[in-house]
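A structural walkthrough
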Amino acid sequence: MTESLYGPDQAQGIWVYLEQQGGQLEGVSLELLAMARELADETSAELTGVLLGDDVEALANDAVAHGADRVLLGQDPELAQYRTEPYARVVTALVAEHKPDIFLLGATPDGRDLAGRLAVRLRTGLTADCTNLALEDDSRLLLGEVTGFGGGILATIKCEQHRPQMATVRPGVFTTGAPDESRKADIQRVNVILLAEDDRVEVLERVTEEGADLTRSKVIIAGGRGTRGDFSLLEELAELLGGDVGATRVAVDEGWIGRDRQIGQTGFATRPDLAILCGISGAMHFTVGVEKAETVIAINSDPEAEIFEHADYGVADDLFQVLKPLVDQIKQAQAR
Amino acid sequence: MSGTNHRDLRIICCVKVVPRPEEVSVDQDTMTIDRANARSIINPPDMNLLEMALQLKDQHGGEVILLSMGPPLFDEYLRVGLSLGADSAYLLSDRAFGGADTLATSYTLAQGIRRIRDERGCDLVLCGEESSDGATAQVPPGIAEWLDMPQVTYAGELSLVDGHLHAVREVKGGHEVLKAPLPAVVSVRVGVNEPRFIDFERKAWAENEAPVTVWAADDLDLDTEAIGLTGSPTSVSGLGQARSVERRREVIEGTPEEEARALFEQLQTFLRVRA
Ligand SMILES: Cc1cc2nc3c(=O)[nH]c(=O)nc-3n(C[C@H](O)[C@H](O)[C@H](O)COP(=O)(O)OP(=O)(O)OC[C@H]3O[C@@H](n4cnc5c(N)ncnc54)[C@H](O)[C@@H]3O)c2cc1C
Ligand SMILES: Nc1ncnc2c1ncn2[C@@H]1O[C@H](COP(=O)(O)O)[C@@H](O)[C@H]1O
């Protein structure tokens, strides 16, 4: 068996990788802190946040307010933008020194990119894209719940002999706790030592914008290929209901709407009170992202569409013909 | 590779064969995945990586080499890839590889790539975004680490500029453009292109003559402790059919106006909260 750097008997503590972008911690990192806080309390373990970047000190306080007992803060101009190899170098050194038992990362593009590289460098097990985490009864091993085959099969994965037990978790699976500004913690600056070979990939350009946050939406009006790119009625309805517009991956790939709106396996897991799904076929890749919705309404012109299996109320009709009078009625009612 | 000489471009494409997702089920008694009744397909994201490779070959010339780890039945699917335009294929197939998680899978594939690189060269390793049957997107960075190559995940566009790879990579809320030296490992975003159809002129060759080299564990320079079940730190401790949430599945019928009215009634609670 390939051995990890250290074994279970030397391992201690729970780590959360704190992903940051544009002067903010990622939502999924805060969600992980809330979840990891519970695991830490359950096992009386210390919860450590790992924060890398340039000039990101202020974010360490956010992590503390959200539950971290300690933050390992690595700052360097070379870390200003996420790059696989410099980040992997610094995190590997920290893991080797502190020997965490559990190490959690968000399943964002960068989080998955880093986790995959780290797991091999550390020769340990990684449970990717978890939809839930728990501790096993007696062993206290981390159990990661994952879906396979597009969402149809659920498996629980554990890592018995190798440390850290690594997992990535999809954004929106856990909920962020309220910050407690009075929490005190230990913020430790760490040395950043990079090698010349970590520098081989160059970021020529990075363009990001602050997107929508569907994981917090109470009402979501989502559209798929059936909208043929016309989201105007969906937007109107979202506005009237105080909600947000979401989309399938197809709609995003077609360029009809931003990627921040994508729901599903490779998008966001949402938990609205109400989701209205328009022109969406109901692929498992998509439906896993609305599983936790309180009420689901589907409108699809194909009466046989799979989406109706995942809806509380189904309308088998043209979405435009149904949404138009619906929007009109709501407007009338509100005018009264 | 220099800017003027792309003739030697060797692209290794990691392609996996997976059961059709809708045809697998869980055998609750044995807690195993029952794929006996499932037909297989090439992992859909891998069709996108193959298309990407073939486009690079169309542009720069060179060779597209398929690589897969799996049982002998994969042979048939590799030949599909050959009839699409790939030049040769390697199948890593051995009982000892069975039960591999991402650590062991990426190691085995990496050792296969090393041997191909030694014998034929390698400028680029292309992977799909993720495989639909289990692990998620961790094999490509794993291969890159085993081979000490740079990695670019979730790439949408690739081009070769002066012997370097330029890649547009998806990040949260946007994209970035990366420049990496070759050889590099790239995972290609699912759905970035329309995979081409089978080239019927290649079909007979692909099915009968095309070289599909099968390598067993002994054919590779392997640490036998690092492959298959033994080399896999993670294990499955529970398995179930995803309990899809029970929905009411009520059907609303009528003219569009009537349907809209019925929906309007259903939405009352949400409208009240708003008011
Ligand atoms: C690795 C991987 C990851 C993926 N991740 C995701 C993900 O995160 N999220 C996601 O959404 N998908 C994801 N997908 C894609 C997913 O498998 C489906 O292809 C996608 O969800 C389908 O989108 P759709 O329903 O918009 O389009 P389609 O499947 O084309 O469905 C369109 C529907 O619209 C209906 N329609 C057409 N016209 C009208 C009309 N006028 N009125 C009403 N209905 C109409 C049609 O009957 C049809 O049912 C992923 C796929 C892969 C391989
Ligand atoms: N057994 C395999 N044989 C060949 N390629 C694989 C195999 N497993 C994974 N891959 C490659 O790695 C990509 C990501 O897979 P995964 O990390 O399993 O989600 C796939 O799209 C393939 O390109």
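Further up the page is the structure itself.
It is worth spelling out the overall build of chain A at this point. Each helix and strand in chain A was counted, giving 8 helices and 18 strands. The C-alpha radius of gyration computed for chain A amounts to 22 Å, which stays within 12% of the reference 20 Å derived for 336 residues, consistent with globular compactness. Each of the three principal axes of chain A carries a C-alpha extent, and together these read 65 × 40 × 40 Å. Here chain A holds 336 residues, and the buried ones make up 61% of them. If you sum the accessible surface of chain A, you get close to 12,800 Å²; carbon and sulfur atoms cover 43% of it. The centroid of the 30 positive side-chain charges in chain A is displaced by 2 Å from the centroid of its 57 negative side-chain charges.

It is worth spelling out the overall build of chain B at this point. Within chain B, the secondary structure is distributed over 7 helices and 15 strands. Dimensions of chain B, computed from the C-alpha atoms along their principal axes, are close to 70 × 50 × 40 Å. Contacts in chain B between residues at least 24 apart in sequence constitute 73% of all its contacts with a sequence separation of at least 6. Here chain B has roughly 12,100 Å² of accessible surface; of this, 48% comes from carbon and sulfur atoms. The centroid of the 27 positive side-chain charges in chain B is displaced by 4 Å from the centroid of its 44 negative side-chain charges.

All names here are of chain B. Contact pair helix α2 (residues 74–84) / helix α5 (residues 200–209): the axes reach a minimum separation of 8 Å and the direction vectors enclose 145°. Here α2 runs over α5; the crossing is right-handed. Together, Arg-79, Leu-82, Ser-83 and Leu-84 of α2 and Arg-202, Lys-203, Trp-205, Ala-206, Glu-207 and Asn-208 of α5 make up the contact between the two elements. When the residues that make up the contact of α2 with α5 are grouped by side-chain class, the tally is 4 nonpolar, 2 polar and 4 charged.

In this section: the sheet that holds strand β15 (residues 250–252) of chain B. Strand order across the open sheet formed by 6 strands is β15(A)-β14(A)-β16(A)-β17(A)-β18(A)-β15(B), with parallel pairing between neighbours. Unpaired on one side and paired on the other, β15 (244–247) of chain A together with β15 of chain B mark the two borders of the sheet. Strand-to-strand twist of the sheet, defined as the mean angle between neighbouring strand axes without regard to direction, takes the value 20°. Relative to strand β18 (residues 313–315) of chain A, strand β17 (residues 295–299) of chain A is paired through 3 bridges, and the arrangement is parallel. Bridge pairing in β18 of chain A places Ile-297 of chain A opposite Tyr-313 of chain A. Contacting β16 (274–278), β17 and β18 of chain A, helix α8 (residues 319–335) of chain A runs over the sheet at an angle of about 125° to β17 of chain A.

Below, the discussion takes up the site of ligand 2. Residue and element names in this part refer to chain B. Not every one of the 21 residues close to ligand 2 is listed here, only the nearest: Cys-14, Asp-46, Ser-131, Ala-137 and Val-139. In this structure, an oxygen atom belonging to ligand 2 sits 3.0 Å away from a main-chain N or O atom of Gln-138. Between an oxygen atom of ligand 2 and a main-chain N or O atom of Val-139, the distance comes to 2.8 Å. Protein chains bury 98% of the 470 Å² of accessible surface belonging to ligand 2 in isolation. At the level of secondary structure, the elements contributing two or more residues to the shell around ligand 2 comprise α1 (44–60), β6 (63–69), α3 (102–120), β8 (124–128) and α4 (139–147). Residue contributions to the shell around ligand 2 peak at 3 residues, all from β6.

Below, the discussion takes up the packing of aromatic side chains. Going through the model one piece at a time under the given rule, you end up with 4 aromatic pairs over all chains. An angle of 70° between the planes, with centres 5.0 Å apart, marks the rings of Tyr-82 of chain A and Tyr-87 of chain A as edge-to-face. The pair formed by Tyr-82 of chain A and Tyr-87 of chain A is uniform in burial state, with each residue classed as buried. Each ring, one from Tyr-90 of chain B and one from Trp-215 of chain B, has its centre 4.7 Å from the other, and the planes form 40°; the classification is tilted.

This brings us to the site of ligand 1. Every one of the 27 residues lining ligand 1 counts as a neighbour, but Arg-225, Thr-248, Ile-263, Thr-266 and Ser-281 of chain A are closest to it. Two or more chains meet at ligand 1, and those chains are chains A and B. Between an oxygen atom of ligand 1 and a side-chain N or O atom of Thr-248 of chain A, the distance comes to 2.7 Å. Within the backbone of Leu-319 of chain A, a nitrogen or oxygen atom sits 2.9 Å from a nitrogen atom of ligand 1. In isolation ligand 1 offers 990 Å² of accessible surface; the protein chains occlude 82% of this area. Looking at the shell around ligand 1, the elements with two or more residues in it are α6 (249–253) and α7 (284–287) of chain A.

Glancing now at the sheet that holds strand β8 (residues 132–135) of chain A. Read from one edge of the open sheet, 4 strands run β8(A)-β9(A)-β10(A)-β14(B), paired in antiparallel fashion. Unpaired on one side and paired on the other, β8 of chain A together with β14 (234–241) of chain B mark the two borders of the sheet. Between one strand axis and the next, the sheet turns through 25° on average, direction left out of account. Of the pairings in the sheet, the one linking β8 of chain A to strand β9 (residues 142–148) of chain A comprises 4 bridges and is antiparallel in character. Note on β9 of chain A: the bridge partner recorded for Leu-133 of chain A is Gly-144 of chain A.

Another aspect to go through is the environment of Glu-31 of chain A. Residue and element names in this part refer to chain A. Within the element layout of this structure, Glu-31 appears in helix α1 (residues 27–43). Residue classification places Glu-31 among the buried residues on the basis of a relative accessible area of 3%. Note: C-alpha distance between Glu-31 and Gly-177 (146 residues apart in sequence) is 7.3 Å. Setting aside residues no more than four positions away along its own chain, Glu-31 makes contact with Arg-170, Pro-171, Gly-172, Val-173, Phe-174, Thr-175, Thr-176, Thr-215 and Arg-216.

Of the residues lining the interface, 80 residues belong to chain B; the matching set on chain A comes to 92 residues. For the chain B and chain A pair, buried surface summed over both sides reaches about 7,300 Å², with 55% attributable to carbon and sulfur atoms. Per-residue buried area on chain B facing chain A is highest for Glu-145, Lys-172 and Arg-247 of chain B; these three make up 10% of the total on that side. The interface formed by chain B and chain A holds 13 salt bridges in total. Among the salt bridges present, the one from Asp-312 of chain A reaches Arg-247 of chain B, with a minimum N-O distance of 3.2 Å. Along the contact surface separating chain B from chain A lie 42 residue pairs in polar contact (both at pLDDT 80 or more). Looking at side-chain class alone, the side of chain B that touches chain A contains 34 nonpolar, 24 polar and 22 charged residues. Looking at chain direction, strand β10 (residues 153–159) of chain A and β14 of chain B are connected through 7 bridges and run antiparallel. Paired with Ala-155 of chain A across the two strands is Leu-239 of chain B, which belongs to β14 of chain B.

Conventions we followed
- Residues numbered from 1 in each chain as written.
- Chains lettered and ligands numbered in written order.
- Predicted model: local features only at pLDDT ≥ 70, side-chain atom pairs only at ≥ 80, totals over all residues.
- Heavy atoms only, no water.
- Helix = DSSP H or I, 4+ residues; strand = E, 2+ residues; numbered from the N terminus.
- Rg over C-alpha atoms; globule rule 2.2 N^0.38 Å.
- Buried < 20%, exposed > 50% of the residue type's maximum accessible area, 1.4 Å probe, protein only.
- Areas by Shrake-Rupley, 256 points an atom, 1.4 Å probe, with all protein chains shown as cover.
- Lys, Arg positive; Asp, Glu negative; His and termini not counted.
- Charge placed at Lys NZ, Arg CZ, Asp CG, Glu CD.
- Contact = heavy atoms within 4.5 Å.
- Axes fitted to C-alpha atoms, helices over the stretch in contact; angles between N-to-C directions.
- Left-handed = near helix turned anticlockwise from the far one by under 90°.
- Nonpolar A, V, L, I, M, F, W, Y, C, P; charged D, E, K, R; others polar.
- Pairing = 2+ DSSP bridges.
- Near = heavy atom within 4 Å.
- Polar contact = N/O pair within 3.5 Å; in protein donor to acceptor, adjacent residues only side chain to side chain.
- Phe/Tyr/Trp six-rings, centres within 6.5 Å; stacked < 30°, edge-to-face > 60°.
- Buried area = accessible area lost by both parts, 1.4 Å probe.
- Salt bridge = Lys/Arg side-chain N within 4 Å of Asp/Glu carboxyl O.

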